[in-house]
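# Coordinate analysis (summary)
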Amino acid sequence: MGNDVTMTIDGMTVTVPYGTTIRAAATMAGHPVPTLCWHEHLAPANACRACVVEVEGSRTLVAACSREVEPGMVVRTTSERVQRARRVVAELLASASDASLAPSLEALCRDTGAHPENWGGATWHQPVRDDNGLYVRDYAKCILCYRCVEACGDQAQNTFAISVAGRGFHAHIDAGWDRAMPESDCVFCGNCVAVCPTGALIDRTEWTLRQNGQWDDAAITTTDTVCGYCGVGCGLTLHVLDNRIVKVTSPPDHPVTHGMLCVKGRYAYQYVQQEEAAGED
Amino acid sequence: MVRRLLPDNESVLPLLSEERWRARGYDRALAQAAALGPDGVIEWVTAAHITGRGGAAFPTGKKWASVARTTDPIKYVVMNADESELGTFKDRVLLSGDPWGPLTGLAIAAYAVGARDAFLYVRGEYPEIEALLKDAFGWTRWAGPLADRLTFHLYRGGGAYIAGEETALINSIEGKRPEPRVKPPFPTQRGLWDHPTVIQNVETLANVALVLAHDPEWYRAVGTPSAPGTKLIAVSGHVRRPGVYEVPMGFPLWPVLMDPDYGGGIGGSGRLQAVLIGGAAGTWLTADECREARLDNESLRAYGASLGSGAMMVFDDTVNIWRILGQVARFFAHESCGQCVPCRIGTQRLVEQLTGDRQPDYQQLRELGEAMRDASICGLGQTAPQALLSYLDRPALWR
Amino acid sequence: MILLVGSNAAETHPILFQHIMKGVRRGAQLLVIDPRRTMTAAKAHEHIQLAVGSDIALLNAMAHVIIRDGLIHQAFIDRATDGYEAFKDSVAGWTPERAAAVSGVPVTQIEHVARTYARADRAMIAWTLGITEHHNAVDHVFALINLALLTGHVGRPGTGLNPLRGQNNVQGGGDMGALPDRLPGFQPVGDESARRRFETAWGVTLSARPGLNQSQMFEAMREGTIRGLYVIGENPLVSEANSGHIVEAFNRLDALIVQDVVMTKTAARADVVFPARVSFAESTGTYTNSERRVQLVRAARRGPGESRDDLWILSALARALGYDWPTVSAAEVFDEMRALVPTYRGITYEALEASRGIQWPCPSEGHPGTPVLHTRLWDEVVTPRVSFQPVEWVPPAEPVDSRYPFRLTTGRRLAYFNTGVQSRAYGHPDPEREWLELHPDDAITLAVGEGDMVRVSSRRGQVVVPVRVTTSVPPGTVFLSFHFPDETPTNVLSIDATDPRSGTAEFKAAAVRIERVNERG
Ligand SMILES: Cc1cc2nc3c(=O)[nH]c(=O)nc-3n(C[C@H](O)[C@H](O)[C@H](O)COP(=O)(O)O)c2cc1C
Ligand code: SF4
Ligand code: SF4
Ligand code: SF4
């Protein structure tokens, strides 16, 4: 077995390193496949099925995010079967969830010509869970991509505060017995928030500003800098609106963080702008 | 009538007695396995063309060979007795009538691939089977080294149909949510605790014991060339004599419904409307199709059907098939693990469409069904729309 | 294999711990030596729960076992080290049995850890304040270095000795010469040629005599030899051990200048306060992290009112004092520095701008930086060689006795940071107050329950806190953080016995008494 694999994507012959996924190979070949649940720093969850492609000889379609290429594999990324499956995936998700803060899902609907309104039926509409000072959970938006579970689990944070509970249509993210987050094992690192693609998990500051109609993407500046707490040297991106920090993230390509932070780096910044409320000792 | 898997004259001997074990030929089977050595056993199982009886009909010898080949010193074997498919109860009948067959097959599988630990995953609603198996473990006192060298671990399912899917079953034994894993890697490459694992249906293992108790030639004497041996068929619904029947592979379907030795004729109104073959995830066969069909996957392919787990649910002409489709949809919506979008939301939408007041758009339904079949992770979502799709293909069933 | 010594990385360095756990998932062994069953220890393959302050006994016994069992890396020792024989003699008496008696760690476990470390293909040691906040901190570090030298676990990827810095720029501050005996780039003030270079560049004469470390400075303040103090971005009145004692020292000052981003307790006492714009969000410059990664800090917002950045204040002060200092940018200061510091020489602002940081040493422009240090130890000829440093265990400076029967150890918690100035009021759901961690057995003996208030007193002071009953501490040991100095000034209890070399105080081992008080928390 050599170190390279030669295969065909949409009629093009491509040679990629052994161990490359179909998704990565398709991107290299200039035929990227859409994804919702896939995240560059998390193991593929295989859940959304937006990335399915046709592999010759395979009975069903194949998830490109996790399947590794094999020599001589013949892949089609836009066959009729593929397009139908993708459109149905988009329709099903958009018919059940609130996609208003989910750009990747909105794009999938647009690109596949989905008509979610044809379905009707049950949705995941439910009250917002507002149980801690740092982030808000609006599971009506959740597409159950597993990213938060993976980020909280062995892919990054290793806290294992949340998992999937329930089955079928009623499967949902849970911190154990439907507890509020402060009663759970959560350490409030916000890494789940960082990876959530739908706004189902959202920092409290952003949520409040959005509620009040004060969140303005165009007016927000972002600055890359370094965290001011411990000696690990995490890269930060400070999102500033009207000279106030309104959000802290970490660049996904930062070698120290891979986009992850701890509770202090992500949330403890408030002291920086408390001088207005002076008189503190 | 053939009786191979189901005990015949031996039934007079006490169920868990050593005599009965010998009378069934399982002492010979273990001795034969030891004489052949692991490679020899795999050669015999391959030569006998045993295919999986749990639904997917994968060649058993091939599965074992791939596990035996791996360099990992730790390997596992698993008996899948989770049997939760609608209308399927053949493993229960088999285990309660002949626990020795599957157990002997399991010991042979472990020997062939080099496993020291054997796992039995038993459906939670089968407490009597569980008790029986526990008692049967006492055989290590006399069954010889192939059984004695093994450690048996018995796990009880928690009432989820999906846990019978092999990778979900692995997760369940590992203490995780029974969510299927993506394949590849297959359990034969990365199974229980990431070690190569053979997972086999109860009935498959019983077939293994038979092959070793006799020989591949004897085994192939019944059935078809591509699918030798016999198959247990669980017949339920509108027949006079519901039950589990053993037939040679390739046996005609019609006598299984009509023959006094089998179903004994259509019950209810006495007029057959259709058979759902292969369980809830199965295919509708119209009465006309039932007259011609034969019970093996090769012949059933012409109807877009397969044997699946070997369930046949029979419906007379008073039944509203549309409503049955609604029930089937409810079953899958309830049993979906919820991991992947097509199945998690698709099964819900199927219920809504099939049980709602509105006349659904068949084209839209078909697209949903095809997308579920094509894009779901596991067999559950892939086959959940099967009954519906086969209904849409058969206007004769529409009302 | 990763050996964490006295480090609760899961709470104090969470993102580093994510990297550790990635290694664990790929098969690395994680062993944690810590008196407390911390969040970190709970994730380890093995937790070695030793008595507070017995680290050196344990580490010496590990060396003993490694030598006894023939697990040393002979070739590495021969080629790259000096003083092996003397070291061998020094640990000959440290049998695992003797260390077990001191540390409470079973003999078999000591042997197991030693063998696991020595036999590992690649093994690294990392430590935090559990090691350095002792009165003999430097000895602790030497004991760790000795282990790495014995086994050759240094100078290759996946090995080495990693002090995990508690604050974002401790490394950078040290690099820049914020140490009493160093010029920027760790160049000793005693080094003629280094000093000459700085003197030429700056046009001044520099003293060859090392300055005072922090504890010596407080001592000098008490003795009256230091009469004026200029504090930048520190809050010594609450963060230092035995703070009652420190207050006295401050009382004797003629002048106190404090430059800080908020009005700290120390600033409140100052004669002059310079409101600085030093919060990371308003600063420009570089930070250097624990892995020597130099990264750009960029201002994201304007500071309030008349606040100014540190550089502006310092330059203005110099001008006011009659020196002709120009107004310079952080980048210009950096350029001046790298001209004088070989390890930083190749790091330009442009290169930092284009990357996510560069690890020094970076001797020339275009150099990619150096992820692994000390690789020279694997060269054919090693000059200079590294010396083993035999160290002896001494018990904690303050023994527990019948009047003060509990061992108090202090540390940090995940949600909060140091004295709390930078972690106040951000909405974390944890109670924003201190609590005392107490073992259930001790809770029974003291007849206190969860939430009961207790008075914790040492020979130096007392605090009143609610109790949290937990098995995270062993019986006889209690834990407090110092994140809430206003309500719970933990450091009034601590002992200021300091390491004569590093000037670090023994935060980790005071003797205290605990009594119930009739008040609910
Ligand atoms: C949803 C689902 C449920 C299943 N349940 C069972 C079961 O209860 N028993 C079983 O033997 N196989 C079941 N299977 C099939 C197994 O995944 C697997 O193919 C089988 O155990 C392999 O054994 P065999 O090759 O001997 O058939 C199920 C598959 C799916 C998709
Ligand atoms: S905030 Fe962190 S610990 Fe809490 S659920 Fe999210 S990832 Fe897990
Ligand atoms: S909360 Fe967000 S990250 Fe978590 S599963 Fe839902 S959509 Fe994905
Ligand atoms: S197809 Fe259904 S049961 Fe199978 S993994 Fe997907 S959601 Fe789960």
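Refer to the structure above for everything that follows.
As the structure is a computational prediction, the values presented were derived from the model and not from experiment.

## Some points on the overall build of chain B
- Scanning chain B for helices and strands turns up 18 helices and 11 strands.
- Over its C-alpha atoms, taken along the principal directions, chain B stretches across nearly 65 × 45 × 35 Å.
- Considering only contacts in chain B between residues 6 or more positions apart, those separated by 24 or more positions represent 69%.
- Within the structure as shown, chain B displays about 14600 Å² of accessible surface, and the carbon and sulfur contribution to it stands at 51%.
- Where the 41 positive side-chain charges of chain B centre and where its 45 negative ones centre are 1 Å apart.

## Quick look at the pattern of salt bridges
- Per the stated rule, a full pass over the model turns up 67 salt bridges over all chains.
- The salt bridge partner of B:Arg3 is B:Asp8, with a shortest N-O separation of 4.0 Å.
- Take B:Asp8: its relative accessible area is 40%, and that puts it in the partly exposed class.
- For the salt bridge of B:Glu203 with B:Arg53, the shortest nitrogen-to-oxygen distance reads 3.9 Å. Here the residue B:Glu203 occupies a position in helix 9 (residues 202-213), and B:Arg53 occupies one in the loop between helix 2 (26-47) and helix 3 (60-69), the gap between them amounting to 150 residues.
- Owing to a relative accessible area of 0%, B:Glu203 belongs among the buried residues under this scheme.
- Among the charged side chains, a salt-bridge network with shared partners connects A:Glu54, A:Arg81, A:Arg84, B:Glu370, B:Arg373 and B:Asp374.

## As for the interface of chain C and chain A
- Facing the 54 residues of chain C at the interface are 54 residues of chain A.
- When the two sides are added together, the surface that chain C and chain A hide from each other amounts to roughly 4600 Å², 57% of it contributed by carbon and sulfur.
- Counting the surface chain C buries against chain A, the share from its top three residues, C:Phe280, C:Arg301 and C:Arg356, is 16%.
- For the pair chain C and chain A, the number of links is 2 salt bridges.
- The partner of C:Arg356 in a salt bridge is A:Asp224, with the nearest N and O atoms 3.1 Å apart.
- Taken together, the connections running from chain C to chain A amount to 18 residue pairs in polar contact (both at pLDDT 80 or more).
- At the level of elements, helix 1 (9-12), helix 2 (14-25), helix 3 (39-43) and strand 13 (293-297) of chain C are the ones that each hand at least two residues to the side of chain C that touches chain A.
- The biggest single contributor to the side of chain C that touches chain A is helix 2 of chain C, with 8 residues.

## Quick notes on helix 16 (residues 362-375) of chain B
Residues and elements named next belong to chain B.
- The end-to-end C-alpha distance of helix 16, which contains 14 residues, comes to 20 Å, matching closely the 20 Å that a straight helix rising 1.5 Å per residue would cover.
- Looking only at helix 16, the buried set comprises Gln364, Leu365, Leu368, Gly369, Glu370, Ala371, Met372, Asp374 and Ala375.
- Where helix 16 begins, the side chain of aspartate 361 points an oxygen toward the backbone nitrogen of glutamine 363, at a separation of 2.9 Å.

## Here's the deal with the arrangement of the chains
- The chain pair with the greatest number of contacts, out of 2 pairs of chains in contact, is formed by chains A and C.
- Structurally, chain B and chain C remain out of contact, their C-alpha atoms never closer than 13 Å.

## Description of a nonpolar patch on the surface
- A cluster of nonpolar side chains, C:Ile232, C:Leu314, C:Leu321, C:Tyr323 and C:Trp325, forms an exposed patch at the surface whose accessible area comes to about 530 Å².
- A residue is classified by how much of its surface remains accessible, and C:Tyr323, at 54% relative accessible area, is exposed.

## Details of the site of ligand 1
Residue and element names in this part refer to chain B.
- In the vicinity of ligand 1 there are 19 residues, among which Gly54, Glu83, Glu166, Asn201 and Thr204 approach most closely.
- Here an oxygen atom of ligand 1 sits 2.9 Å away from a polar atom, N or O, in the main chain of glutamate 166.
- Taking glutamine 200, its side chain carries an N or O atom lying 3.0 Å from an oxygen atom of ligand 1.
- Among the secondary structure elements, those contributing two or more residues to the shell around ligand 1 are strand 4 (197-201) and helix 17 (379-383).
- Sort the elements by how many residues they give to the shell around ligand 1 and strand 4 lands first, with 3 residues.

## What about the sheet that holds strand 2 (residues 30-33) of chain C?
Residues and elements named next belong to chain C.
- Taking strand neighbours across the sheet as the criterion, the 5 strands line up as 3-2-1-5-6 in an open arrangement whose pairing is parallel. This sheet does not close on itself; its edge strands, each paired only once, are strand 3 (46-48) and strand 6 (160-163). Adjacent strand axes in the sheet meet at a mean angle of 15° when their direction is disregarded.
- With 4 bridges joining them, strand 5 (residues 124-127) and strand 6 adopt parallel strand pairing. The residue bridging alanine 126 from the neighbouring strand is asparagine 162, located in strand 6.
- Contacts from helix 8 (residues 107-119) reach strand 1 (2-5), strand 2, strand 3 and strand 5, with the element oriented near 120° to strand 3.
- Along the sheet, helix 10 (residues 137-151) contacts strand 1, strand 5 and strand 6; its crossing angle with strand 5, the most-contacted strand, is approximately 170°.

## Topic: the interface of chain A and chain B
- Counting from both sides, the interface comprises 37 residues of chain A and, opposite them, 35 residues of chain B.
- Here chain A and chain B share an interface that buries about 2900 Å² over both sides, 52% of which is from carbon and sulfur atoms.
- Where chain A packs against chain B, one counts 5 salt bridges.
- The salt bridge partner of A:Arg87 is B:Glu367, with a shortest N-O separation of 3.2 Å.
- The interface formed by chain A and chain B holds 20 residue pairs in polar contact (both at pLDDT 80 or more) in total.
- Listed by contribution, the elements that provide at least two residues to the side of chain A that touches chain B are helix 2 (80-96) and strand 7 (163-165) of chain A.

## Some remarks on the nonpolar core
- Counting 127 residues, the largest nonpolar core has A:Leu93, A:Tyr135, A:Ile173, A:Leu238, B:Trp284 and B:Phe332 as the members making the most contacts within it.
- Element by element, the count of residues in this core is highest for helix 14 (residues 321-335) of chain B, at 9 residues.
- Look past the residues within four positions of A:Leu238 in its chain and what remains in contact with it is A:Thr221, A:Thr222, A:Thr223, A:Thr225, A:Ile245, A:Lys247, A:Val248, C:Phe280, C:Ala281 and C:Ala300.
- By size, the runner-up hydrophobic cluster in this structure holds 59 residues, among which are B:Leu103, B:Tyr111, B:Ala118 and B:Leu232.

## Looking at the packing of aromatic side chains
- Scanning the entire structure with this criterion turns up 33 aromatic pairs over all chains.
- With a centroid separation of 5.5 Å and an interplanar angle of 75°, the aromatic rings of B:Trp100 and B:Trp142 are classed as edge-to-face. Taken together, the residues B:Trp100 in helix 5 (residues 100-113) and B:Trp142 in the loop between helix 6 (127-136) and helix 7 (145-148) connect sequence positions 42 residues apart.
- The buried category is assigned to B:Trp100, whose relative accessible area is 1%.
- Residue B:Trp142 is classed as partly exposed on the basis of its relative accessible area, which comes to 21%.
- Geometry around C:Phe479 places C:Arg36 over its ring, the cationic atom sitting 3.4 Å from the centre.
- Geometry around C:Trp94 places C:Arg98 over its ring, the cationic atom sitting 3.6 Å from the centre.

## Section: the side chain of B:Asp82
All names here are of chain B.
- With respect to the helices and strands, aspartate 82 occurs in the loop between strand 1 (76-81) and helix 4 (90-97).
- At 3.0 Å, the side chain of aspartate 82 forms a polar contact with the backbone nitrogen of glycine 164.
- Residue contacts for aspartate 82: discarding those within four places in its chain leaves Tyr121, Val122, Arg123, Gly157, Ala160, Tyr161, Ala163 and Gly164.

## What about helix 3 (residues 103-112) of chain A?
All names here are of chain A.
- Among all positions of helix 3, only Leu105, Leu108 and Cys109 are buried. Down the axis, helix 3 shows its buried residues gathered within 100° of arc, on one side only. Exposed and facing more than 90 degrees away from the buried side of helix 3 are Pro103, Arg110 and Asp111.
- One or two positions beyond helix 3, positive phi appears at glycine 113, with a value near 65°.

## Thoughts on the sheet that holds strand 13 of chain C
All names here are of chain C.
- Strand order in the open sheet formed by 3 strands is 12-13-14, with antiparallel pairing between adjacent strands. Looking at strand neighbours, the two that pair on one side only are strand 12 (285-288) and strand 14 (358-359), the edges of this open sheet.
- Across 2 bridges, the pairing between strand 13 and strand 14 is antiparallel. Paired with arginine 293 across the strands is glutamine 359, a residue of strand 14.

## Some details on the environment of A:His254
- Inspection of the secondary structure puts A:His254 in the loop between strand 12 (244-249) and helix 7 (263-267).
- For A:His254, a relative accessible area of 1% gives the class buried.
- Once the C-alpha coordinates of A:His254 and A:Thr60 are considered, the two residues, 194 residues apart in sequence, prove to be 37 Å apart.
- What A:His254 contacts, discounting residues up to four positions off in sequence, is A:Gly233, A:Cys234, A:Gly235, C:Gln295 and C:Arg356.

Conventions used here
Residues numbered from 1 in each chain as written. Chains lettered and ligands numbered in written order. Predicted model: local features only at pLDDT ≥ 70, side-chain atom pairs only at ≥ 80, totals over all residues. Heavy atoms only, no water. Helix = DSSP H or I, 4+ residues; strand = E, 2+ residues; numbered from the N terminus. Contact = heavy atoms within 4.5 Å. Areas by Shrake-Rupley, 256 points an atom, 1.4 Å probe, with all protein chains shown as cover. Lys, Arg positive; Asp, Glu negative; His and termini not counted. Charge placed at Lys NZ, Arg CZ, Asp CG, Glu CD. Salt bridge = Lys/Arg side-chain N within 4 Å of Asp/Glu carboxyl O. Buried < 20%, exposed > 50% of the residue type's maximum accessible area, 1.4 Å probe, protein only. Buried area = accessible area lost by both parts, 1.4 Å probe. Polar contact = N/O pair within 3.5 Å; in protein donor to acceptor, adjacent residues only side chain to side chain. Expected span 1.5 Å × (residues − 1). Patch = residues over 30% accessible without salt bridge, like charges linked within 9 Å, V, L, I, M, F, W, Y side chains within 5 Å. Near = heavy atom within 4 Å. Pairing = 2+ DSSP bridges. Axes fitted to C-alpha atoms, helices over the stretch in contact; angles between N-to-C directions. Core = buried A, V, L, I, M, F, W, Y, C linked by side-chain atoms within 4.5 Å. Phe/Tyr/Trp six-rings, centres within 6.5 Å; stacked < 30°, edge-to-face > 60°. Lys NZ or Arg CZ within 6 Å of the ring centre and 35° of its normal. Arc of directions from axis to C-beta.

Read these as geometric descriptors, not functional statements.
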